[in-house]
Amino acid sequence: MTTATLAPDRSATRRSARGGRRLDRYSGLGLGVAMLWFSLLVLIPLTAVVVTASEGGWGGFWDAVTNEQTAAAIRLTVGTALGVTVVNVVMGTLIAWVLVRDRFFGKRLLEILIDIPFALPTIVAGLVLLSLYGPESPLGIDVHNTRIAVFLAFLFVTLPFIVRTVQPVLAELDREVEEAAASLGASRFTTFRRIILPSLTPAIAAGAALSFARGVSEYGSLVLLSGNLPMRTEVTSVRILSSIENDNLDNASAVAAVLLAISFAVIVILDIIQRRVIRRG
Amino acid sequence: MSIEISNVSKRFGSFVALDDVSVSIPSGQLTALLGPSGGGKSTLLRIIAGLEQADSGSVRIEGVDATGLPPQKRNVGFVFQHYAAFKHMSVRRNVAFGLEIRRRPKAEIRERVDELLRLVHLEQFGDRLPAQLSGGQRQRMALARALAVEPTVLLLDEPFGALDAKVRKELRDWLRRLHDEVHVTTVFVTHDQEEALEVADEIVVINDGRIEQIGTPDELYDAPANDFVMRFLGPVTQLGDQLVRPHDLVIHTGDPEPGAVTGQVSRITRIGFEIRVEVTTGDQVVVVTLTRTRFRALDIEEGRRCGSGWRPRRSLTRCASVEEARCRSRHAVTTPSGR
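Model, not experiment: these values are computed from the prediction. Residue positions are given per chain, counted from 1 along the sequence in the order it is written. The naming scheme follows written order: chains are lettered A onward, ligands numbered 1 onward. At least 70 in pLDDT is required for a residue's local features to be given in this predicted model, at least 80 for side-chain atom pairs to be given and counted, and no such filter applies to totals for whole chains, interfaces and linings, which use all residues.

**Brief notes about the overall build of chain B**
In step 1: Each helix is a run of DSSP H or I of at least 4 residues and each strand a run of E of at least 2, with the numbering of both proceeding from the N terminus. When you go through chain B residue by residue, the secondary structure sums to 10 helices and 18 strands.
In step 2: Residue burial is a threshold on neighbouring C-beta atoms within 10 Å of the residue's own C-beta, all placed from the backbone, with 20 or more meaning buried, 12 or fewer meaning exposed, and counts in between meaning partly exposed. Relative to its 339 residues, chain B shows a buried fraction of 45%.
In step 3: Long-range contacts, defined as pairs at least 24 residues apart, comprise 65% of the intrachain contacts of chain B with a sequence gap of at least 6. What counts as a contact here is a pair of residues whose C-beta atoms, placed from the backbone, lie within 7 Å.

**Let's talk about the overall build of chain A**
In step 1: The number of helices and strands found in chain A is 13 helices and 0 strands.
In step 2: For chain A, the succession of helices and strands along the chain, N to C, is α-α-α-α-α-α-α-α-α-α-α-α-α.
In step 3: For the C-alpha atoms alone, the extent of chain A along its principal axes is close to 65 × 65 × 30 Å.
In step 4: Here chain A, with 281 residues, has 35% of them falling under the buried criterion.
In step 5: Taking the contacts inside chain A whose residues are at least 6 apart along the sequence as the reference set, 81% of them involve residues at least 24 apart.

**Considerations on the UniProt feature "domain: ABC transporter" (unreviewed entry) in chain B**
In step 1: UniProt positions are given in the numbering used here, feature names are shortened, and annotations may be inferred rather than shown by experiment. Cross-referencing UniProt, the feature "domain: ABC transporter" (unreviewed entry) maps to residues 3-233 of chain B in the present numbering.
In step 2: Structurally, residues 3-233 of chain B comprises 37% helix and 26% strand, and the distance from its first C-alpha atom to its last is 24 Å.

**Observations concerning the sheet that holds strand β16 (residues 274-281) of chain B**
Residue and element names in this part refer to chain B.
In step 1: Strand pairing is assigned whenever DSSP identifies at least 2 bridges connecting the two strands. Taking strand neighbours across the sheet as the criterion, the 3 strands line up as β15-β16-β17 in an open arrangement whose pairing is antiparallel. Both edges of this open sheet fall to β15 (264-271) and β17 (284-291), since each of them pairs with a single strand only. Looking at each pair of strands side by side, their axes are set apart by 20 degrees on average, direction ignored.
In step 2: Note: β16 against β17, 8 bridges, orientation antiparallel. In the sheet register, T281 faces β17, and the bridge partner there is Q284. All axes here are fitted lines through C-alpha atoms, helices being fitted over the stretch that makes contact, and every angle between N-to-C directions spans 0 to 180 degrees.

**Some details on the UniProt feature "transmembrane region" (unreviewed entry) in chain A**
All names here are of chain A.
In step 1: The feature "transmembrane region" (unreviewed entry), as annotated in UniProt, sits at residues 28-53, 73-100, 112-134, 146-166, 195-216 and 252-273 in this numbering.
In step 2: Regarding residues 73-100, the helix share stands at 100% and the strand share at 0%, and the terminal C-alpha atoms are separated by 38 Å.
In step 3: The annotated region residues 252-273 carries 100% helix and 0% strand content, and the separation between its end C-alpha atoms amounts to 32 Å.

**Some remarks on the interface of chain A and chain B**
Accessible area lost when the parts come together is the quantity often used to give the size of an interface.
In step 1: Each partner contributes to the interface: chain A provides 17 residues, whereas chain B provides 18 residues.
In step 2: Those elements giving two or more residues to the side of chain A that touches chain B turn out to be α9 (175-183) and α10 (188-217) of chain A.
In step 3: By residue number, the principal contributor to the side of chain A that touches chain B is α9 of chain A, which donates 6 residues.
In step 4: Three classes are used: nonpolar for Ala, Val, Leu, Ile, Met, Phe, Trp, Tyr, Cys and Pro, charged for Asp, Glu, Lys and Arg, and polar for all others, with Gly counted as polar. Residues belonging to the side of chain A that touches chain B are distributed by class as follows: 8 nonpolar, 6 polar and 3 charged.

**With respect to the pairing of β15 of chain B**
All names here are of chain B.
In step 1: When β15 meets β16, the two strands line up antiparallel, connected through 7 bridges. Bridge pairing in β16 links I271 to E274.
In step 2: Between β15 and the antiparallel strand that follows it, β16, lie 2 residues; G272 among them carries a positive phi value of about 60 degrees.

**Focus: the nonpolar core**
In step 1: What makes a nonpolar core is a set of buried Ala, Val, Leu, Ile, Met, Phe, Trp, Tyr and Cys residues, with links drawn between C-beta atoms within 7 Å. With 82 residues, the main nonpolar core has L33, I48, V95, A142, A144, L155 and V205 of chain B as its most contacted residues.
In step 2: Element by element, the count of residues in this core is highest for helix α4 (residues 135-148) of chain B, at 7 residues.
In step 3: With sequence-adjacent residues up to four places away left out, L155 of chain B is seen in contact with L45, I48, A49, V76, G77, F78 and V187 of chain B.
In step 4: One finds I74, L76, A96 and L210 of chain A within the second-largest nonpolar core, a separate group that totals 57 residues.

**Thoughts on the pairing of strand β10 (residues 210-215) of chain B**
All names here are of chain B.
In step 1: The pairing of strand β9 (residues 202-207) with β10 spans 5 bridges and is classified as antiparallel. Of the residues in β10, the one forming a bridge with N207 is R210.
In step 2: Between β9 and β10, which follow one another and run antiparallel, lie 2 residues, and D208 among them has a positive phi close to 55 degrees.

**Notes on the packing of helix α8 (residues 147-172) of chain A against α10 of chain A**
Angle between the axes and distance between the axes are the two parameters that describe a pair of packed helices.
All names here are of chain A.
In step 1: Orientation of α8 relative to α10, taken along the N-to-C sense of each, is 160 degrees, at an axis distance of 8 Å. Classified by the interaxial angle, the pair formed by α8 and α10 is roughly antiparallel. The interaxial crossing formed by α8 with α10 has right-handed handedness. Along its contact with α8, which presents F154, V157, T158, F161, I162, T165, V166, V169 and L170, the element α10 presents S199, L200, A203, I204, A206, G207, A208, L210, S211, R214 and G215. In what follows, roughly perpendicular refers to angles from 65 to 115 degrees, roughly parallel to angles under 35, roughly antiparallel to angles over 145, and oblique to any angle outside these ranges. If you view the pair so one helix is near and one far, a crossing is left-handed when the near helix is turned anticlockwise from the far one by less than a right angle, and right-handed when it is turned clockwise.

**Things to note about the sheet that holds strand β4 (residues 56-61) of chain B**
In step 1: Strand order across the open sheet formed by 4 strands is β2-β1-β4-β5 (chain B), with antiparallel pairing between neighbours. Bordering the open sheet on either side are β2 (15-25) and β5 (64-65) of chain B, each of which pairs with just one other strand.

**Topic: the packing of helix α7 (residues 122-133) of chain A against α8 of chain A**
Residue and element names in this part refer to chain A.
In step 1: Closest axis-to-axis distance for the α7/α8 pair is 11 Å, and the angle between their directions is 130 degrees. Relative to α8, α7 is oriented oblique. Note that α7 runs across α8; the crossing there is right-handed. Here T122, A125, G126, L129 and Y133 of α7 lie close against α8, whose contacting residues are L152, A153, F156 and V157.

**Points about the environment of R74 of chain B**
All names here are of chain B.
In step 1: Its location among the elements puts R74 in the loop between β5 and β6 (76-79).
In step 2: Residue classification places R74 among the buried residues on the basis of 24 C-beta atoms within 10 Å.
In step 3: Taking the C-alpha atoms as reference, R74 lies 27 Å from F15; in sequence the two are 59 residues apart.
In step 4: The residues touching R74, leaving out its near neighbours within four places in the chain, are A49, G50, I61, A66 and L69.

Below is the structure:
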C-alpha cells in the first residue's frame, strides 16, 4: 500500500510549489503534522530502502537486479500487475456502472460482497483460492503452481479498488448531461466515450494506481496457490522474503528499490493518461 | 402545425403525470407550457424530445411520427434548467458537439460555432470552460449548443429557473428577440406566469396532468376558461362568489353607486408604484390595487372616516350579479378591528 500514501504527497508538493500563498498558523501546523507523519511512515523508510540498496554499490545493485531468478520475479510481478490492472479498469468500471445504474435483486448483497477482498486477511483469501482452484478443486479447475494462479490472486485482491473509486463519481454524474448529448445526436457509445468517460477518468486512474500497487505488493493470497516456483511463479515479494531469510538484505533492498521506481513510474504514467483523456473529451 | 400531440398519457408508478393530453403547437412560434410544478408540463416536453416515453398516445413532429423515435433521431434542441454543460469541454467544443457528431467538415463547424457564439454574445468566451461562466452565460451557451444542429423544434425546460431575478428578466427579453431573429419553433416550460405572458405567442396551461386552456396571452388573461387559469395567470380577489382581478376594481368614496358593494378599508399597503387596499365586506376581504395617482384622488388617508363604494372598472359580466350589496369603509388605522 506504499503507493496509496504517495498520493497526498504529490498534491502537497504541487500546492506548495505553485501556491506561493503564505500559510497561516493553523494551516502551517496542519502541514507540519502531515509532513512529520508522512516522513515517519513513508519517506524515511523508503529512503532507508534506497540507501540500503545502494550500499553494495552500483555493481552490487545491478548484480542483484539482473540475477536471473530475481529478474524473472520482477517481470512476472510487474507484468501480471499491469495485466490485472487493465482487466480491472474494464471490469471495475462495468461493475460500478451496474451497481449505480441498474436495479436488480441482490444489489445490496453485491455491494457488501465487493468489499470482501478488502476485509479478508490475504492469507485467508489464499486459502479460499487454493481450495477452489487448487489440486482438490470442486470445480475441476486446477491452476495450482501456474502463473494463472498469480493472476487470479491479484484479480481477487484488487477487485474493489476501481469499483469503489468509480462508483461515487458515477453516482454523482448529472444524467441531464447524457440526455443533452443524446438530443444532440450522440449514440450511447459516443456519449459514454466523450461525455461520461472523461468524467470518470480521474477516478479510474486513481483506482488503477491502487490496483497496480496492491498487485505488486501482494504476498499472502498467492503463496499457497502459486507454489512459488523459481523462474516460473515466484513473485518479488516472495523473492524479497527469501533474500532476507538468506541474510541477503542488500539483495532484498535492491529489488524493493526497483519495485519502488516502477510503481512511481506507473502512477506518473496513469496521471498523464488521465489528463490526456480529459483534455481530448 | 409543427408538433402534434395526441392522447398522450404518462404515469410514474401510481402518479399520473399526463392524462390523455392532446395539443397542437404551431410552427415558428414561441409557445409556453405554463403550470404549477408537478403538473406534468416538463414531462410533456421530455416526451416531445424523446427523453421520456409516453405510455400511450402519439407525437408527430413536422408531420413525422416521432412516437417511437429515440432522442438522437428527433432533431430537437433541448435546453435544461441546470444547463447540462459538458464540463470538461470548452465553450466552443460544447457548441460544436452536435456538429461533430454529424461529422460536418471542420471549417464549416468553425464557421457555424463562431456565428452561434456571436448570436448568444459569447464570442470572447469560446475558450473558457463552463465552470468559468456565470449562470446566464452558461445557459446562453446551452442554447447555442442546442441551436447548432439546426433543430426542427427548440425545447427549453425551465430555462431561466436557476437564475436570479434580474438575469432571468434580461434573458427572457433576449430569448424573445432571439426568437424573432431565428424563428425556430420553440416550446418552453415555465411556472412563472409573467414569463409566459411576456415572452410567449401562445400559452398552454397545464395542471394535474391535463390541459386547462390554450390561447394567446391576451385570451388567457382576459377570458380565462376557469378559476384555475384565472388564479394562475395573475392576482385575483374574491368578490362574493366570483373571482376578479384586483386592478379591475375601483373604489368610490361618498355615496355608493348602484350595483356597488360597500365595505371597510382594513389595510393599505404600498408596493412600489401601486397601492394595495384591502376592503372588508362582511366576512370577505377584497383586495383592490390602485395607482398612486388614483389613490391620492380618492383621499382615503389615515384618520379619515369615509364611505367608499366600489365596482368593477371593466364590464365584467362575471361580477355584475354580485354587486348588489353596499359597503361603507373606514380607514384601518382608526378602527383597527376593521369593523
